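What the coordinates show
Read off the chains here:
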Amino acid sequence: MEHTEAQTDLQDTATAIFAWLPQLRREIWILATGQLLLYIGQGFTLVYASIYFVNELGFSPTQVGLALSSSGLAGIVGRFWSGYAIDSDFWGRRRTLMLSAMITALACFCLAFANTFVLLVLGNLLLGLGISLYWPANLSITTDLTTTENRTEAFALTRLVDHLGLALGALLAGQYVAMSGNYSILFILKGLTYALFAGVIYVAIAETRQPFGDVRNVWQDWWQAFRDRNLLIFLSANIIFTIYAAQYTSTLPLYLANFIPGGNTEIGFSEQWISYFFVWHVVLKVVFQLPITRLVKTINHVSIMLVALIIWSAAFFLLWLVGNIAIDPLLIAISAFSLIALAEILYSPAGVSLLGEMAPSNLRGIYFSLESQCWSIGFTVGPALGGWALDHPETMGTNLWLYLITGGFVASFILVVLKQKLTTVEESDLIVDGF
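Parameters and conventions
- Counting starts from 1 at the beginning of each chain's written sequence and moves along it residue by residue.
- The model is predicted, so local features are restricted to residues of pLDDT at least 70 and side-chain atom pairs to those at 80 or more, both for listing and for counting; the totals for chains, interfaces and linings are taken over all residues.
- Side-chain numbers here rest on the full set of heavy atoms in the structure, without hydrogens or water.
- Among buried residues, the Ala, Val, Leu, Ile, Met, Phe, Trp, Tyr and Cys ones that are joined through side-chain atoms within 4.5 Å form a nonpolar core.
- Throughout, exposure labels follow a simple rule: accessible area from a 1.4 Å probe, protein chains only, divided by the maximum for the residue type, with under 20% read as buried, over 50% as exposed, and the rest as partly exposed.
- Domain segmentation is taken from an automatic or database assignment of domains.
- Two residues qualify as a contact provided that any one of their heavy atoms is within 4.5 Å of a heavy atom in the partner residue.
- Space inside and on the surface of the protein is sampled on a 1 Å grid over the protein atoms alone, with a cavity defined as a set of points where a 1.4 Å probe fits but cannot get out and a pocket as an open set with protein on both sides within 12 Å along at least 5 of 7 lines; lining residues have an atom within 4 Å of a point.
- Grid points are joined across faces, edges and corners, and a volume is the space filled by probe spheres set on the points.
- Each residue gets one of three labels, nonpolar for Ala, Val, Leu, Ile, Met, Phe, Trp, Tyr, Cys and Pro, charged for Asp, Glu, Lys and Arg, and polar for the others, Gly among them.
- Only DSSP runs of H or I covering at least 4 residues are called helices, and only runs of E covering at least 2 are called strands; the numbering of each starts at the N terminus.
- One fewer than the residue count of a helix, multiplied by 1.5 Å, yields its expected span.
- Within this analysis, the arc is defined by the directions that extend from the helix axis to the C-beta atoms.

By the naming in an unreviewed UniProt entry, the protein is MFS transporter, taken from Adonisia turfae CCMR0082.

So, in structure tokens, the structure goes:
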């Protein structure tokens, strides 16, 4: 009897957990599992790439910034091609996604042995090309397999597995580096996870693109997208956000390692402590991504994005503070990472869900490639700007974070304009429908 009651309690608990999870198609969960593997590999190098190239291999912050920016330049070319490939009969979503994983794996193997500036640039070029194909294809598949009602939660799940993978990867890498000091093996492991992800896609994900019948005119499709004024307004604000995000992965680790006098080393925080900050940031996103997304999913997407930009600007103010004022740097750094986590939880699902609603079904590849293009531009400008600022502490230095806050004000103004235009369109539709 007791055994039966225990089984019943266990079944009730399992039922409650599954009921809490988003009700999504099987393919979404398979894609999320593969993406978890991918982002564990991403977490291996997230914190350590810029530190490794500067402190271990002897490149200057400006050289590393330029090399990382070359990734963005390659991404600009790749994203334009992906907009065509994802909606094409031959490539489609699935083949584009597999190609992305294979190119990125090759890039990681190249970076593992990047002992010259030429190899460093080549690895980053391949990395930018691979990533430029990944996100438009991934977002198009997710949009194809979801409805308006569950799309935001599907994108939140995508971000959740990203965060969980990054946390696991960064934590494992941090402990490994602390014990061995060997950075290159991290890039090899990252390349292997991308190769494994390509295998998951090949085995478990079918093509989701629906045939349209008519012969496609690529130039006409691109022209139709560029005539969408609401899309262009969204993209102009999104570029500023991606410049913000680029600082998080390129400038911020080096800033914390070399520019915080009150850290646990003479000039900043150790790699191990920096890994703890990033893990804390990612754990917050793992724990709160789905609950917060579910809590705010009835709120206007643009309003959520506005709140996220305000929170992110507050985090940048704290980062400026920790490098300039003799107060507890540990508490300030943890607070800044917490605010960045909250901003990302709000912004990412809202932004891609809004774009998914704006995009015609036959142009999803182009719309998402343009959204992804923002990341190319952001990761071209952001690392170069951050590297140059840290190389010139007397003219820019820690004040970089204050200049970035100014960019947040500009992005917020653009989003207010977009919200007004979308509200006007919705009111016009209601009038036409007779309400």
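Next comes the rest of the write-up.
1. Some words on the nonpolar core
Judged by nonpolar contacts, the single largest core of 122 residues is most densely connected at Phe53, Leu252 and Leu256. No fewer than three residues from each of domain 1 (25-207) and domain 2 (219-429) sit in this core. Beyond its immediate sequence surroundings of up to four residues, leucine 256 is in contact with Gly268, Phe269, Ile274, Phe277 and Phe337.

2. Describing empty space enclosed by the protein
Counting across every chain of the model gives four cavities of 30 Å³ or more. One number sums up the size of the largest cavity: a volume of about 1200 Å³. Considering the residues around the largest cavity, the lining is formed by 47 residues, among which Tyr39, Gln42, Thr249, Trp375 and Phe379 are closest to the centre. Taken together, the residues that form the lining of the largest cavity break down as 25 nonpolar, 15 polar and seven charged. Both domain 1 (25-207) and domain 2 (219-429) contribute no fewer than three residues apiece to the lining of the largest cavity. Each pocket or cavity is described by its volume, and for the second largest cavity that value is around 70 Å³. Of all the secondary-structure elements, those providing two or more residues to the lining of the second largest cavity are helix 3 (49-56), helix 4 (61-86), helix 10 (229-258) and helix 14 (364-391). Of the residues in the lining of the second largest cavity, the class split is seven nonpolar, six polar and no charged. Three or more residues apiece are contributed to the lining of the second largest cavity by two domains, here domain 1 (25-207) and domain 2 (219-429).

3. Observations regarding helix 8 (residues 184-204)
A rise of 1.5 Å per residue sets the reference length of helix 8, with its 21 residues, at 30 Å; its end C-alpha atoms lie 31 Å apart and thus fit the reference within 8%. If you check which residues of helix 8 are buried, you get Leu186, Phe187, Lys190, Gly191, Thr193, Tyr194, Phe197, Ala198 and Ile201. Buried residues along helix 8 cover an arc of 160 degrees about the axis, so they all sit on one side. Helix 8 presents Tyr202 and Val203 as exposed residues on the side facing more than 90 degrees away from its buried surface.

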